[in-house]
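Structure assessment
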Amino acid sequence: HPSVCDFYPKVLESPEYAAARDFLLDSVNFYHANKDFLFSGKMLPPDGFICDETEVDFHGRMIFTKRDAARKITKQMPSVMHSVWENAKGEKALILANYTRLARKWSFNGISGEIPPRSFEKIELCSR
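In this report, we go over the structure that sits alongside the text. Here the structure is a predicted model, which is why all the values come from computation and not from measurement. (Residues numbered from 1 in each chain as written. Predicted model: local features only at pLDDT ≥ 70, side-chain atom pairs only at ≥ 80, totals over all residues. Heavy atoms only, no water.)

Focus: the sheet that holds strand E8 (residues 111–115)
Formally: Strand pairing is assigned whenever DSSP identifies at least 2 bridges connecting the two strands. Helix numbers and strand numbers start at the N terminus; a helix is a DSSP run of H or I with at least 4 residues, a strand a run of E with at least 2. Throughout, an axis means a line fitted to C-alpha atoms (over the contacting stretch in the case of helices), and angles, computed between N-to-C directions, take values from 0 to 180 degrees.
Across the sheet, three strands lie side by side as E2-E7-E8; this open sheet has antiparallel pairing. Two strands in the sheet have a free side with no partner beyond their single neighbour: strand E2 (49–51) and E8. Within the sheet, the average angular offset between the axes of one strand and its neighbour, ignoring direction, is 20°. Pairing between strand E7 (residues 104–108) and E8: five bridges, direction antiparallel. Pairing of Ser-107 across the sheet is with Ser-112, part of E8.

In structure tokens, the structure reads:
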């Protein structure tokens, strides 16, 4: 998958990278649409969030590491990235990001759902 280290024009043009490119563009659009939470809001603890885990391969390369010296790092990670935010109006939202190629089920403090592959969701929470 493309990363900052190897984001070349071919990534924008090649059908091979379409899914990764679209996910990147969707992430930018989602962030912009929800910046009252994600930029100027306050992050709260996401205690109680449950989802499955998936094995994730990371490209282990630092800024001065030569391309052929890079290594693969594998970790078990939550399948759905998640956080809870409060905006300036006191509204709270659960922010979800499914970076995997499969739909993923999740639950959080009495609510649950399924998030499509490579997608983002904002779930409004009742302010307490």
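Alright, that's what it looks like, and here's the rest.
Re the nonpolar core
Quick note on the threshold: Among buried residues, the Ala, Val, Leu, Ile, Met, Phe, Trp, Tyr and Cys ones that are joined through side-chain atoms within 4.5 Å form a nonpolar core. Under the scheme applied here, a residue whose accessible area is under 20% of the maximum for its type counts as buried, over 50% as exposed, and between as partly exposed, the area being computed with a 1.4 Å probe on protein chains only. Any two residues having at least one pair of non-hydrogen atoms within 4.5 Å are treated as being in contact.
The biggest cluster of nonpolar side chains holds 11 residues, and these are Leu-44, Phe-49, Cys-51, Val-80, Val-84, Leu-94, Leu-96, Trp-106, Phe-108, Ile-115 and Ile-123. Counting only elements with at least two residues in this core, the list comes to E2, strand E5 (80–86), strand E6 (92–98) and E7. Once you skip the residues sitting within four places of it in the chain, Phe-49 turns out to touch Val-80, His-82, Leu-94, Leu-96, Trp-106, Ser-107 and Phe-108.

Re the packing of aromatic side chains
Convention followed: Ring pairs shown here join Phe, Tyr and Trp side chains whose ring centres sit within 6.5 Å, with only the six-membered ring taken for Trp; geometry is labelled stacked below 30 degrees between planes, edge-to-face above 60, and tilted in between.
Per the counting criterion, the structure on display carries four aromatic pairs. A centroid spacing of 5.0 Å and a plane angle of 15° characterise the contact between Phe-23 and Phe-120, whose relative ring orientation is stacked. You can see Phe-23 sitting in helix H2 (residues 18–33) and its partner Phe-120 sitting in strand E9 (residues 119–125), a full 97 residues away along the chain. For Phe-23, a relative accessible area of 18% gives the class buried. An angle of 25° between the planes, with centres 5.3 Å apart, marks the rings of Phe-30 and Phe-120 as stacked. With Phe-30 in helix H2 and Phe-120 in strand E9, the pair connects residues that are 90 residues apart, well separated along the chain. Members of the aromatic cluster, connected to one another through ring pairs, are Phe-23, Phe-30 and Phe-120.

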